[in-house]
Amino acid sequence: MDINNQNILTDNLGRKHTYLRISLTEKCNLRCTYCMPANGIPLRPKEHLMTSDEIHTIAKEFVNIGVTKIRLTGGEPMVRKDFPLILENLAALPVEIGITTNGILADRFLPLLKENNVTTITISIDSLHKDKFEKITRRNEFDKVWNTIQLFQKEGFHVKLNIVLIKNFNEDEIIDFINLTKNQNLTIRFIEFMPFDGNQWNMDKLVTQQEILDKVHYTFPLQLKRLTDSPNDTARNYKIDGHLGSFAIISSVTNPFCDTCNRIRITADGKLKNCLFSNNEFSLLKPLRANQSILPAIRSALQHKFASRGGMDTSDKLENPELHSQNRSMISIGG
């Protein structure tokens, strides 16, 4: 690493960003209500999106200046026809590779993932009931996703399940999800519902960390164990004593982890976002396609990072996000 570039990923608060999330596409084969507006989004022209070569070039630059982990997201990353090429290129870099998927296409890529040393897969599933799964995803694919979860466990992957909790919809399944960890080495991750364009967010739909823990304490009063979190972990990790797996809570709204954040993300159209909540975006494709260095844009993005939630740091801003932020929809940002 060039000594002159080694501090580019450190922001004004001393947070070093070593974890890069790359959205490969705005397309998805599900239509989850918290991620995509009911009418969808206008898709950007193909020429506005990063090519596989551009993704590799950009990722290589980030690894050169200190990124140690890259996660591929979407949309659904596996709907991209050149997903195998992208994965192979990135897996050749000295970096840990992660994947977040909805699980519908993942089985066909299982050998590819193994060949490229991907050992952990994160699968989104917001309900264990077929009717509620179809309601939130607007698609009838529960059996496919459930079978994929079982297949990847059988094949030796560490499987994490992402569950976005929405009040009066699926918070009654918290214990059902935790019960999956009794005999399965799953990591269940409960995620607070977050405000994005078009997802009808409001504070009343939040299921907070404390509400989750209250339910768990009631059901397992003497068995709940707090685990040690990894450095820079977004989640608070727990385990039910005697269970094979574990669970975690990602409370981005009510109990954020901003002070130890090490994450940055690139949208499918090559914009660097320094925070999921922030509407600030810094183009990497523009300088790259002009044969210029992308390092100034990276440096600028990190120096403009807010201390907390992209500047959404008061109750008023959270309760009225449309007045204080013009952020994209989740499908357009990348999970």
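One can find the structure itself at the top, above this paragraph.
Rules behind the numbers
- Residues numbered from 1 in each chain as written.
- Predicted model: local features only at pLDDT ≥ 70, side-chain atom pairs only at ≥ 80, totals over all residues.
- Heavy atoms only, no water.
- Buried < 20%, exposed > 50% of the residue type's maximum accessible area, 1.4 Å probe, protein only.
- Helix = DSSP H or I, 4+ residues; strand = E, 2+ residues; numbered from the N terminus.
- Right-handed = clockwise from strand over helix to strand, strands pointing away.
- Pairing = 2+ DSSP bridges.
- Contact = heavy atoms within 4.5 Å.
- Axes fitted to C-alpha atoms, helices over the stretch in contact; angles between N-to-C directions.
- Disulfide = S-S within 2.5 Å.
- Polar contact = N/O pair within 3.5 Å; in protein donor to acceptor, adjacent residues only side chain to side chain.
- Phe/Tyr/Trp six-rings, centres within 6.5 Å; stacked < 30°, edge-to-face > 60°.
- Lys NZ or Arg CZ within 6 Å of the ring centre and 35° of its normal.

Thoughts on the pairing of strand E4 (residues 120-124)
Counting buried positions over the five residues of E4 gives four, a clear majority of the element. In this fold, strand E3 (residues 96-101) hands off to helix H3 (residues 110-115), which returns the chain to E4; that crossover is right-handed. The sheet contact formed by E4 and strand E5 (residues 158-165) spans five bridges and is parallel. Residue isoleucine 123 lies in a different strand from E5, and its bridge partner there is leucine 161.

Examining the sheet that holds E5
As summarised here, the arrangement of the twelve strands in space is E7-E8-E9-E6-E5-E4-E3-E2-E1-E10-E11-E12, forming an open sheet in which the pairing is mixed. Taken across any chain shown, the strands that pair with only one partner, and hence form the sheet edges, are strand E7 (224-226) and strand E12 (282-283). Pairing between strand E10 (residues 263-266) and strand E11 (residues 271-273): two bridges, direction antiparallel. Along E11, the bridge assignment pairs arginine 265 with lysine 273. Seen against the sheet, helix H5 (residues 142-154) touches E4, E5 and strand E6 (186-192) and runs at an angle of roughly 165 degrees to E4.

Regarding the state of the cysteines
Inspection of the entire model under this criterion finds zero disulfides. Free cysteine: cysteine 28, not disulfide-bonded; nearest cysteine sulfur from cysteine 32 at 6.3 Å. We note that cysteine 261 lacks a disulfide partner, and the nearest cysteine sulfur, in cysteine 275, lies 6.6 Å from it. Judged by its relative accessible area of 11%, cysteine 261 is buried.

Description of the side chain of glutamate 76
Structurally, glutamate 76 is set in the loop between strand E2 (69-73) and helix H2 (83-91). From its side chain, glutamate 76 meets the backbone nitrogen of methionine 78 in a polar contact 3.1 Å long. Within the local environment of glutamate 76, its side chain forms a polar contact with the side chain of threonine 101, the two groups lying 3.0 Å apart. When sequence neighbours within four positions are dropped, the list of residues in contact with glutamate 76 reads Thr25, Lys27, Cys28, Asn29, Thr101, Asn102 and Gly103.

Considering the packing of aromatic side chains
Counted by the stated rule, this structure contains seven aromatic pairs. Look at phenylalanine 177 and phenylalanine 190: their rings are 6.4 Å apart centre to centre, the planes differ by 80 degrees, and that puts the pair in the edge-to-face class. Separated by 13 residues along the polypeptide, phenylalanine 177 in helix H6 (residues 174-179) and phenylalanine 190 in strand E6 bring together distant segments of the chain. In this structure, phenylalanine 177 and phenylalanine 190 share a single accessibility class: buried. Over the face of the ring belonging to phenylalanine 169 we find lysine 132, whose NZ or CZ atom lies 5.6 Å from the ring centre. A cation over a ring is seen here: arginine 226 above tyrosine 238, with NZ or CZ 5.1 Å from the ring centre.

Let's talk about the pairing of E3
Along any regular strand, the residues point their side chains to alternate faces of the sheet. In terms of burial, E3 is a largely internal element, five of the six residues being buried. Taken together, the four bridges between E2 and E3 define a ladder with parallel strand orientation. Paired with arginine 71 across the two strands is glycine 98, which belongs to E3. As defined by bridge partners, E3 adjoins E4 across three bridges and the pair is classed as parallel. Bridging from a neighbouring strand, threonine 100 pairs with threonine 122 of E4.

Just distances and angles here, no functional claims.
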